[in-house]
Amino acid sequence: MDSGKLVHRRKPDFPVIRPRASDKKQHIPEVGVKSLELSKVIRLLEDPLTANLKERHLFVLKKLLKRSQIGFLLKELTCIAKILNICAEKVTDHPEYVPILCEALHICRLPFLKEKASDELNYAQDVIEFLSHMGCLMRVSHAEVRQQTVESVKSFYSCVAPKQLIDGLQPTSPGYRLQLLERSELAQTLLLSLAALENQPAIKLQLLHTLQILSRSSDMNCALILNARGAETICLHMNEPDPSGRVLFRSSEILWNLLERGSKEVTAQLSSMECVISLKEAFLQQLMNGSRNSDLHLRNDLLVITTLIAESPSSLLIESLFAKQLVVLATFPELKSSNPLVRNLKLAYNNEDLKMKKLLLNLLVLMSKDFAALQLYKEESVMLALLTLVNPPAASSQRRSASLQWSSVQQRELQLQALATVCTIAPLMLADYMTHKGSTCLLLLLDRCVAQDAFFGQGHGSHDGGRRGSMKAQMRHCIRVLRSVTSSGEDSVNQDFCDQGTINQFLGILMQMEASPDEEDVLTLEIKSDIQLILSALCEKDIYRKELFGSEVVEMAIHFLKKGCDKFYSGLGHNTLILSTVDCVRSCIVGCYTTEDYFLAKEGACLLLDLLSSSPRCVHCNVLATLLELCDNPNTLSHILSWRDAGGQTAPRFLLQLWRDEEEELKVSRNRDGGIADPQRPIISQYHQEDTQLSFPANIPSAAVLEVSENLRLKIYSIFCKLGFQDLPGLSRKDYATLSIVRRYLDFKVGEVWDEIRRELSSDGVRPITPDEEALSTICKVAEDTARRVAAEQNSILEQQQKEDIGEEELMYTEIKSHWKQRELIAKSWDRYVSKTSNYEILKEVKAQREKYQDAAVHPTEHFVGQVMSVERAGAQGPAGVKLILARAPIKAAGQDQVGATSQDPEYFSTVSVKD
């Protein structure tokens, strides 16, 4: 390089970046962030040498809060929580830290800030711990701190817009903090702080509002509150002095939210004596002092909560005397009472009072599970009050004289609710029911329902599906009550029904409903089914009633059996009606020979078989049981044997098919031809074999015994015992093979039970004495030998069937060969005739042969089968288009002719149409 030259090195060009005015403003606080480290602040507050420098602390903390006005960074939340915790400890002796805490809590309303998108995931645990520390600030006794804490948590569920942010910082997503709140202990901490707010009612109300928001927002919050015994805590504090009058309302709303998400846990916590008493005080307070619509609504809400508690078997409503007061209210105003609770009580008869009355009636149903409650019902004349509600308004002079009373619509609603209540309570209080003439009251109501045309109009509320003016809902509930009462089996009650002409009345109603042109709906079908069940209950154990009302019941049963089960799966209730009809036949007809004979004369047994063949499997058990009981009448057997289904199948064959279907359902081991595959287990189902339990208590039937009542085989076997096992019509060889199993069913079942006993003894380690063990072995061996003999018999039957099938097949082939031979002869005859009529040389030859043999005495028949009388031409070409009419003549041998001028050619048929 020439040293005389001066070399200049240029610096690389970099762009010059100058901050904008807005950037300068935003980066001014950033210098403070760098200069102020949170670890130094914590050390300043905790260090023993600087722990008492209060002014220095406040200065630094204010500086920290000033640079955090836009929100806290996620990565700083751990240090911020520690700083707030230190300040909370210092507040007790130094109130100057209260504004610091309040300002920090106020900043917590803003969204947290993140520098990177991954910060939300990386610092999630820090956020959870920070929110938990926020709840711990409720331990500070200063009202300002507690209020700010509650308000900050409440603000999480509102949209708080973030302030102007620094470049590089972004607010967290709106639901981020709420999701992490559910994983923190904030909800539990706020709940536990409720006990410390007795002297701060305003903050207590705000805290309850916050808990209401928390419990309404998510199931996890409710679970956290319940884990801290939240329902019990809220209930115990809801009756504390409250100038605002809103604490009880907020408390009930929280309980409602908890009940919607965990009713069992809530009712378990509210079932304690203290909680029940607290609910009682709150309810009575609202009952006696509430006048506004909101107060009445709150009263009903408390009653609903009480209803949910009453569903729990461990509730203490009776022990707390709350049940007695509820029973007294349930009989008001129908009955006059000197109880102080209702002496000065006045109802406005509005919708809220109607709801309360219906809730009280529902409580009577729930509490009736307890025998002690039934004693209360008896003391307070609950049955009389219910029957008073059941009476129509016009029948009550007390209602006419009252200045205020329920409207007609409200009265109908209460009437239906009272009927539903009586349906449950009456079977438990039959003595009171009979004392107050409950049957007479209900039958009078039933007469009114029928008289006012119960099949047209509109219904009343949730109990009815009809239209206005209808009494169908009352009829439905009235009949349902009568069904529940008669089903109890009390002879005095059923006799009272019959003495009042109930059977004729019900039969008339039933047939009147059948004659109605209206379409069948759910209510109508339910009423019909219930009436049939009532008739069954009244006649089941009384032969005199069966004989007295037998003809009418038979006509009714025949009518419903003829309807069949085409609508079984309609969803309206036809399935129930079919079952109740079969039950009516069994209870009201079977057992009385006079009625049975009339039923058989009306083809009742055949109708039962028709129902059995067309109904689904779930009905077969009931129909077979009824048919089996009917078989005790000797006249039944001829009807069963003469029955044929739509396909011509006989009853024995149909029953054997049912047997095979049942064994297929049970997966009984059978070979390809339906015979016994395992002689050691001839009738045992696969489910029984898979049952590993071999030892059963003495009061529980074993699997082999229980199986008898769970399938149809025993009923089919019993019917065949009535019909016999010989000379049954319409059976195939396969049916006979199945019949051999049916005939030995009882032997197989006995062997199965003994084998089960032996296996059970073996599993229990019990060894029978030698004679008993030998007897067990012999019995099991006899059962196995019987199965082997039956299997051999089945094989013989099937082999015979196979031989018959082969013989029939050979006969069929012989007939086919004969048919084809005949067709060949006809074809040859036709060819010969055509050759004679179309070829002159052949005609001369035939004539010569005829002249040669015309003097013979015996002329064997020839192939040709007749003489042509007329020939017609059709549209087709060739022989197919020629129709011949032949004269009948003897058949003679080929090559010969008949003697005489009047002789005719032989024929097979008088008329032949040649088409092939």
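Residues numbered from 1 in each chain as written. Predicted model: local features only at pLDDT ≥ 70, side-chain atom pairs only at ≥ 80, totals over all residues. Heavy atoms only, no water.

The subject of this paragraph is the overall build of the protein chain. The secondary structure content of the protein chain amounts to 44 helices and six strands. Evaluated residue by residue, the protein chain yields a buried proportion of 47% over its 916 residues. The long-range share in the protein chain, meaning contacts at least 24 apart out of those at least 6 apart in sequence, stands at 73%. Total accessible area on the protein chain stands at roughly 47,000 Å², and carbon and sulfur atoms take up 53% of it. (Helix = DSSP H or I, 4+ residues; strand = E, 2+ residues; numbered from the N terminus. Buried < 20%, exposed > 50% of the residue type's maximum accessible area, 1.4 Å probe, protein only. Contact = heavy atoms within 4.5 Å. Areas by Shrake-Rupley, 256 points an atom, 1.4 Å probe, with all protein chains shown as cover.)

Our next topic: the pattern of salt bridges. Should their charged atoms come close, side chains of opposite charge can pair. What the rule picks out here adds up to 40 salt bridges. The salt bridge involving Glu115 is made with Lys75; its shortest N-O contact spans 3.2 Å. Within this pair, whereas Glu115 is found in the loop between strand 1 (113-114) and helix 6 (119-122), its partner Lys75 is found in the loop between helix 3 (54-67) and helix 4 (77-90), the two being separated by 40 residues in sequence. Take Glu115: its relative accessible area is 39%, and that puts it in the partly exposed class. What makes Lys75 partly exposed here is its relative accessible area of 41%. The salt bridge involving Asp353 is made with Arg299; its shortest N-O contact spans 3.1 Å. Of this pair, Asp353 sits in helix 19 (residues 351-367) while Arg299 sits in helix 16 (residues 293-310), and the two are 54 residues apart along the sequence. Across the pair, exposure class does not vary: Asp353 and Arg299 are buried alike. Through salt bridges that share partners, Arg476, Arg480 and Glu526 make up one connected network. (Salt bridge = Lys/Arg side-chain N within 4 Å of Asp/Glu carboxyl O.)

For helix 12 (residues 219-227), the full list of buried residues reads Asn221, Cys222, Leu224, Ile225 and Leu226. Buried positions along helix 12 lie against helix 9 (176-181), helix 10 (186-192), helix 11 (201-217), helix 13 (230-237) and helix 14 (247-270). Once helix 12 ends, the next one or two residues include Arg229, with phi positive near 60°.

Tracing the chain through its elements places Ser587 in helix 32 (residues 574-588). A polar contact is formed between the side chain of Ser587 and the side chain of Arg586, at a distance of 3.3 Å. (Polar contact = N/O pair within 3.5 Å; in protein donor to acceptor, adjacent residues only side chain to side chain.)

For the rest of this paragraph, the subject is a negative patch on the surface. A cluster of acidic residues, Asp805, Glu808, Glu809 and Glu810, forms a negative patch on the protein surface. For Asp805, the position within the fold is in helix 43 (residues 770-838). (Patch = residues over 30% accessible without salt bridge, like charges linked within 9 Å, V, L, I, M, F, W, Y side chains within 5 Å. Lys, Arg positive; Asp, Glu negative; His and termini not counted. Charge placed at Lys NZ, Arg CZ, Asp CG, Glu CD.)

What follows concerns the nonpolar core. Core analysis: the biggest nonpolar cluster contains 141 residues, and Tyr377 and Leu482 have the highest contact counts within it. Ranked by residues supplied to this core, first place goes to helix 19 with nine residues. If we ignore the near neighbours within four places in the chain, the residues touching Tyr377 are Val327, Leu363, Leu364, Met367, Ser368, Val382, Ile425 and Met429. Val60, Leu214, Cys235 and Cys275 belong to the second largest nonpolar core, which has 83 residues in total. (Core = buried A, V, L, I, M, F, W, Y, C linked by side-chain atoms within 4.5 Å.)

When you line up the elements, His57 lands in helix 3. Side-chain polar atoms of His57 contact the side chain of Tyr97, separated by 2.9 Å. Ignoring any residue separated from it by four or fewer positions in sequence, one finds His57 in contact with Leu44, Leu45, Thr50, Ala51, Asn52, Lys90 and Tyr97.

Let us now look at the environment of Asp542. The residue Asp542 is located in the loop between helix 29 (522-539) and helix 30 (543-548) in this model. Judged by relative accessible area, Asp542 falls into the partly exposed class, the value being 22%. Along the sequence, Asp542 and Cys588 sit 46 residues apart, while their C-alpha atoms lie 8.8 Å from each other. Here Tyr544 takes part through its backbone nitrogen, which lies 2.9 Å from a polar atom of the side chain of Asp542.

The description of two aromatic rings rests on the distance between their centres and on the angle between their planes. Under the defined criterion, the tally for this structure stands at nine aromatic pairs. Ring plane angle 90° and centroid distance 5.5 Å describe the contact between Trp659 and Tyr745, whose orientation is recorded as edge-to-face. In this pair, Trp659 is assigned in helix 37 (residues 651-666) and Tyr745 in helix 42 (residues 745-763), connecting sequence segments 86 residues apart. Neither Trp659 nor Tyr745 differs from the other in exposure class; each is buried. When the centroid spacing of 5.7 Å and the interplanar angle of 50° are considered together, the rings of Tyr717 and Tyr745 count as tilted. In this pair, Tyr717 is assigned in helix 40 (residues 713-723) and Tyr745 in helix 42, connecting sequence segments 28 residues apart. The rings of Trp659, Tyr717 and Tyr745 are connected pair by pair, giving a single aromatic cluster. Against the face of Phe112 rests Arg177, its NZ or CZ located 5.2 Å from the ring centre. (Phe/Tyr/Trp six-rings, centres within 6.5 Å; stacked < 30°, edge-to-face > 60°. Lys NZ or Arg CZ within 6 Å of the ring centre and 35° of its normal.)

By the secondary structure assignment, Lys437 is in the loop between helix 24 (430-435) and helix 25 (438-451). Residues Lys437 and Asp496 lie 59 residues apart in sequence; the distance between their C-alpha atoms is 9.7 Å.

For any two helices packed against each other, one specifies the crossing angle of their axes together with the interaxial distance. At a closest axis distance of 9 Å, the pairing of helix 25 and helix 26 (residues 472-486) adopts a crossing angle of 150°. Relative to helix 26, helix 25 is oriented roughly antiparallel. Where helix 25 crosses over helix 26, the two elements pack in a sense that is left-handed. Touching Leu442, Leu443, Leu445, Leu446, Cys449 and Val450 of helix 25 are Gln474, Met475, Cys478, Ile479, Val481 and Leu482, all from helix 26. Residues of the contact of helix 25 with helix 26, tallied by class, amount to eleven nonpolar, one polar and no charged. (Axes fitted to C-alpha atoms, helices over the stretch in contact; angles between N-to-C directions. Parallel < 35°, antiparallel > 145°, perpendicular 65-115°, else oblique. Left-handed = near helix turned anticlockwise from the far one by under 90°. Nonpolar A, V, L, I, M, F, W, Y, C, P; charged D, E, K, R; others polar.)

Glancing now at the environment of Tyr717. Accessibility expressed as a relative area gives 12% for Tyr717, which makes it buried. Along the sequence, Tyr717 and Tyr745 sit 28 residues apart, while their C-alpha atoms lie 7.1 Å from each other.

On average, residues of the protein chain score 82 in pLDDT, and 84% of them are at 70 or above. Ranking the elements of the protein chain by mean pLDDT puts helix 1 (residues 21-35) last with 37 and helix 19 first with 95. (pLDDT = per-residue confidence, 0-100.)

Before going further, it helps to spend a moment on the state of the cysteines. Inspection of the entire model under this criterion finds zero disulfides. There is no disulfide at Cys565, and the cysteine sulfur nearest it, in Cys618, is 9.3 Å away. (Disulfide = S-S within 2.5 Å.)

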